[in-house]
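Single-letter residue listing:
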Protein chains: 2
Amino acid sequence: MRKLHELPTPALVVDAGALEHNLAVMARALPGARLRPHVKATKCTALARRQAALGHRGFCCATVREMEGMAAAGLGDDLLLANETLAAHRLGRLDAHVTVAVDSEPTIAAAADGGVREVLIDVNVGLPRCGCAPDQAGRLADLARRRGLRVRGVMGYEGHAMPVAGRAARKAVVDAAMAQLAAAHAQVGGDVISAGGTGSFDLNELATEIQAGSYSLMDTHYARLDLPFRPAFWVWSTVVSTSAVFAVCDAGLKSLGMDHGNPAIDGAKVWFCSDEHVTFSPDEAAAGGGLHARVGDRVRVWPAHVDPTVAYHERLYVADGDDVVETWEIDLRGW
Amino acid sequence: MRKLHELPTPALVVDAGALEHNLAVMARALPGARLRPHVKATKCTALARRQAALGHRGFCCATVREMEGMAAAGLGDDLLLANETLAAHRLGRLDAHVTVAVDSEPTIAAAADGGVREVLIDVNVGLPRCGCAPDQAGRLADLARRRGLRVRGVMGYEGHAMPVAGRAARKAVVDAAMAQLAAAHAQVGGDVISAGGTGSFDLNELATEIQAGSYSLMDTHYARLDLPFRPAFWVWSTVVSTSAVFAVCDAGLKSLGMDHGNPAIDGAKVWFCSDEHVTFSPDEAAAGGGLHARVGDRVRVWPAHVDPTVAYHERLYVADGDDVVETWEIDLRGW
């Protein structure tokens with residue numbers, strides 16, 4: 001069996017036990033269709049297959065390519081494009097049960113013209129991104145129905161609640177957002193209220209299904225919240241250079257999503273990242289005076305943001321201790 | 001011929017005229033072997049082929065995969081891995097003229113054991129990343145020679161000078177760095193002094209060859225400097241949602257390197273980026289009151305940092321006006 005220390009670096013590695021824990025905790029909290037795993041965080045049909053085996057048969061995607069890949073992998077029982085698109089003709093031809101989010105006349109027209117049959121009305125519940133104003137949801141639902149589309153319900157992502165520290169404070173933001181979504185749903189009708197994410201999976205009381213993705217792998221940002229999920233993945237990296245003061249490993253800007261800031265290395269202070277390097281020094285406040293790395297040592301680099309990190313990598317190595325027990329393709333990249 | 005507005009988005013687009021301008025300006029300033037184009041910025045053998053056709057036959061790379069891809073593409077006349085590696089056995093088997101940077105006993109041993117024949121001694125000239133202390137360069141050169149390696153000379157990247165605004169201030173930083181490299185070179189010997197980048201291409205008076213890569217495509221960070229290169233590439237994006245206040249297009253954290261901050265959109269204020277979205281509003285101070293985008297409009301999103309942006313994309317579309325005249329694979333991604 002291949003060993004972790006034999007892998008070429010940088011490499012994306014997931015700890016099998018931590019992943020198992022995260023999937024199991026979520027499946028107990030939100031069994032079956034109560035969870036609609038978001039594949040954007042992981043872009044990996046092999047991981048989605050694990051989620052499906054635990055009972056979650058509906059998925060959501062952020063890109064048309066993710067929808068195409070999930071359908072091709074036989075994971076198309078109930079696929080939601082939780083995003084607006086004008087390329088709906090690529091969805092209409094999929095061999096899958098497809099629903100798409102719409103929030104405007106042009107996106108409704110694209111869905112109808114593209115052969116899509118079912119939609120959710122996407123509602124802006126406070127995050128300035130996609131979604132119609134709540135008081136427009138009924139009008140758009142009527143329009144969609146006139147275009148022959150089945151309106152399954154509403155969607156509204158309270159993304160602005162996700163980074164709020166403290167359950168009570170976070171819940172207040174979630175509740176305010178969901179009050180808007182409930183008002184929109186009253187106009188729209190339908191069985192589905194799709195919302196939520198890893199940060200609100202057990203706080204959102206309105207949603208009929210939660211769109212969580214990051215919970216399976218986690219990242220240093222989500223790890224700051226009071227969540228029951230474990231940090232499960234890292235960029236495995238080799239120290240290639242050292243000085244008297246700092247060390248340098250071969251992860252960098254092309255293997256780490258950087259919008260949430262620098263990654264973390266246990267026992268070290270991260271100075272900065274370059275294209276193919278992280279420069280760090282021992283954190284003298286850490287146990288044993290911190291990490292004193294030598295050339296050739298392997299280090300775990302913990303990403304700050306899971307989604308744009310995964311999107312840089314071709315594959316995900318599943319590790320059990322030093323054994324690489326599976327290799328999964330990150331097969332839903334691109335657009 | 002395929003048209004720009006027919007491309008699926010997000011898509012990486014380069015303006016053929018601006019690229020031509022940038023390549024020509026550089027080839028006049030640093031003809032032939034005076035420039036060793038860095039392929040890490042563009043990761044594209046088709047673009048490298050254009051540089052080779054202009055007379056630059058030597059290239060430098062940041063990863064072993066880039067070296068392998070360049071060799072396989074027949075661009076292996078003089079390939080430098082301008083980075084440290086312990087996976088030198090992958091270089092030793094290439095059908096190419098290979099040189100690798102070394103800065104320690106383990107990297108020298110890896111090169112010798114891996115079948116590499118030629119090295120540069122990499123010297124730290126002020127950027128805390130790779131490179132030995134200047135006073136160690138001679139010792140390492142001797143060690144390399146004892147291991148049977150040919151020492152071609154030295155390398156030292158003054159990366160800390162690149163973002164310095166103002167030619168005089170930037171030149172002072174470059175000169176201080178190159179004084180250290182000159183001292184190291186006096187100990188090491190050899191014909192090659194490899195250094196520099198897009199920000200110092202015409203300021204570095206010591207280097208026998210300049211390692212510039214970003215100049216061909218540029219980005220908003222390099223565009224702030226007083227350089228003769230034009231912004232040549234953007235992420236082509238479709239507006240998928242609008243509100244009364246803002247608009248949202250389908251570029252985002254997975255199509256843009258974010259370590260240098262938000263991208264730019266002409267006539268707009270960029271609010272923030274999400275995985276697959278940029279939220280922006282009209283810049284009322286701009287001509288015509290700014291960009292008032294409608295769903296379906298295409299917008300150019302100008303990346304802040306070229307290298308980690310390109311690394312997200314599968315291909316680069318070469319545009320002449322609205323015509324897509326060539327499609328180039330970004331074929332040197334991964335490790």
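Within each chain, residues carry numbers counting from 1 in the order of the written sequence. To label them, take the chains in the order written and letter them from A, then take the ligands in the order written and number them from 1. Owing to the predicted nature of the model, reporting of local features is limited to residues with pLDDT of at least 70; listing and counting of side-chain atom pairs is limited to 80 or more, with chain, interface and lining totals taken over all residues. To obtain the side-chain values, all non-hydrogen atoms of the structure were used and water was disregarded.

Caption draft 1: Molecular detail of the overall build of chain A. When helices and strands are tallied, chain A shows nine helices and 15 strands. C-alpha atoms define the radius of gyration in this analysis, and the globule rule sets the expected value at 2.2 Å times the number of residues to the power 0.38. Taken over C-alpha atoms, the radius of gyration comes to 21 Å for chain A, in line with the 20 Å a tight globule of 335 residues would show. Projected onto the principal axes, the alpha-carbon positions of chain A cover approximately 70 × 40 × 35 Å. Counting only residues that meet the buried cut, chain A has 61% of its 335 residues in that class. Contacts were defined at the residue level, with two residues in contact if any of their heavy atoms lie within 4.5 Å. Put simply, of all contacts in chain A between residues at least 6 apart along the chain, 62% involve residues at least 24 apart. A 1.4 Å probe and the Shrake-Rupley method give the accessible areas. Residues count as covered only by the protein chains that appear here. Roughly 11700 Å² of accessible area belongs to chain A as shown, and the carbon and sulfur atoms make up 50% of that amount. In chain A, 33 positive and 40 negative side-chain charges are present, and the distance between their average locations comes to 3 Å. Secondary structure elements are defined from DSSP: runs of H or I of at least 4 residues count as helices, runs of E of at least 2 residues count as strands, and each element is numbered from the N terminus. With a 1.4 Å probe rolled over the protein chains alone, any residue whose accessible area is under 20% of its type maximum counts as buried; one over 50% counts as exposed, and the rest are partly exposed. Charge assignment: positive for Lys and Arg, negative for Asp and Glu; neither His nor the chain ends contribute. Throughout, a charge is located at the NZ atom of Lys, the CZ atom of Arg, the CG atom of Asp or the CD atom of Glu.

Caption draft 2: Representation of the packing of aromatic side chains in the model. All names here are of chain A. The rule is short: rings of Phe, Tyr and Trp, with Trp giving its six-membered ring, pair when the centres are within 6.5 Å, and they are stacked under 30 degrees, edge-to-face over 60, tilted in between. On inspection of all chains with the given rule, the structure shows nine aromatic pairs over all chains. In textbook terms, an aromatic cluster arises when at least three aromatic residues are bridged by ring pairs, as seen for Phe201, Tyr215 and Phe229. Here, over-ring charges are defined by two tests on the NZ atom of lysine or the CZ atom of arginine: distance to the ring centre within 6 Å, and angle to the ring normal within 35 degrees. A cation sits over an aromatic face here: Arg300 above Trp234, 4.0 Å from the ring centre.

Caption draft 3: Representation of the pairing of strand 6 (residues 150-156) of chain B within the structure. Residue and element names in this part refer to chain B. Taking burial as the measure, the seven residues of strand 6 include six buried ones, the bulk of the element. Pairing between strands is defined by DSSP: at least two bridges between them are needed. For strand 5 (residues 118-122) and strand 6, the ladder comprises five bridges, and the chain directions are parallel. Among the inter-strand pairings, Val119 is bridged to a residue of strand 6, identified as Val151. As paired strands, strand 6 and strand 7 (residues 192-195) are joined by four bridges and run parallel to one another. Paired with Met155 across the bridge in strand 7 is Ser194. Once you follow strand 6 into helix 7 (residues 167-188) and on to strand 7, the crossover reads as right-handed. Think of it like this: strands point away, you trace from the first strand over the helix to the second, and a clockwise trace means the crossover is right-handed.

Caption draft 4: Region of interest: the confidence of the model for chain A. Confidence scores per residue from the predictor, reported as pLDDT, run from 0 to 100. In the predicted model, chain A carries a mean pLDDT of 97, and the fraction of residues at 70 or more is 100%. Reported confidence for the predicted complex is 0.97 by ipTM and 0.97 by pTM.

Caption draft 5: Local environment of the environment of Ala18 of chain A. Position of Ala18 of chain A relative to the elements: it lies in helix 1 (residues 16-29). Each residue touching Ala18 of chain A, except ones within four places of it in the same chain, is listed here: Arg230, Pro231 and Ala232 of chain A.

Caption draft 6: Broad picture of the packing of helix 6 (residues 137-146) of chain A against helix 7 (residues 167-188) of chain A. All names here are of chain A. The convention used is that axes are lines fitted to C-alpha atoms, helices contributing only their stretch in contact, and that angles between N-to-C directions extend from 0 to 180 degrees. One can describe the packing of helix 6 onto helix 7 by two numbers: an axis separation of 8 Å at closest approach and a directional angle of 35 degrees. Crossing of helix 6 against helix 7: the hand is right-handed. When helix 6 is examined against helix 7, the residues Ala137, Gly138, Ala141 and Arg145 are found in contact with a partner set consisting of Ala184, Gln187 and Val188. Here the contact of helix 6 with helix 7 is built from residues that sort into four nonpolar, two polar and one charged. The sense of a crossing depends on the near helix, which, turned anticlockwise from the far helix by less than a right angle, makes the crossing left-handed and, turned clockwise, makes it right-handed. By the convention adopted, Pro, Cys, Tyr, Trp, Phe, Met, Ile, Leu, Val and Ala count as nonpolar, Lys, Arg, Asp and Glu as charged, and the other residues, Gly among them, as polar.

Caption draft 7: Inspection of the domain arrangement of chain A at higher detail. All names here are of chain A. Under the domain assignment, chain A is made up of domain 1 (4-11 + 230-329) and domain 2 (16-219). Placing the centre of domain 1 and that of domain 2 at their C-alpha centroids yields a distance of 32 Å. Taken together, the 17 residues of domain 1 in the interface contact 18 residues of domain 2. The buried area of a pairing is the accessible area, by a 1.4 Å probe, that goes missing from both parts when the two are put together, added over both. At the boundary of domain 1 with domain 2, total buried surface from both sides reaches about 1500 Å², with 63% on carbon and sulfur atoms. Annotation comment: domain bounds sourced from an automatic or database domain assignment.

Caption draft 8: View of the sheet that holds strand 4 (residues 98-102) of chain A. Residue and element names in this part refer to chain A. Ordered in space as 2-3-4-5-6-7-8, the seven strands form an open sheet in which the pairing is parallel. Each of the sheet's edge strands pairs with one partner strand only, and the pair in question is strand 2 (58-61) and strand 8 (209-210). Where strand 3 (residues 78-81) lies against strand 4, three bridges are found, and the strand directions are parallel. Each residue of the ladder has a partner; that of Leu80, found in strand 4, is Thr99. Strands strand 2, strand 3 and strand 4 of the sheet are contacted by helix 3 (residues 64-72), whose axis makes an angle of about 170 degrees with strand 3. Here helix 6 sits on the sheet in contact with strand 5 (118-122) and strand 6 (150-156), set at roughly 165 degrees to strand 5.

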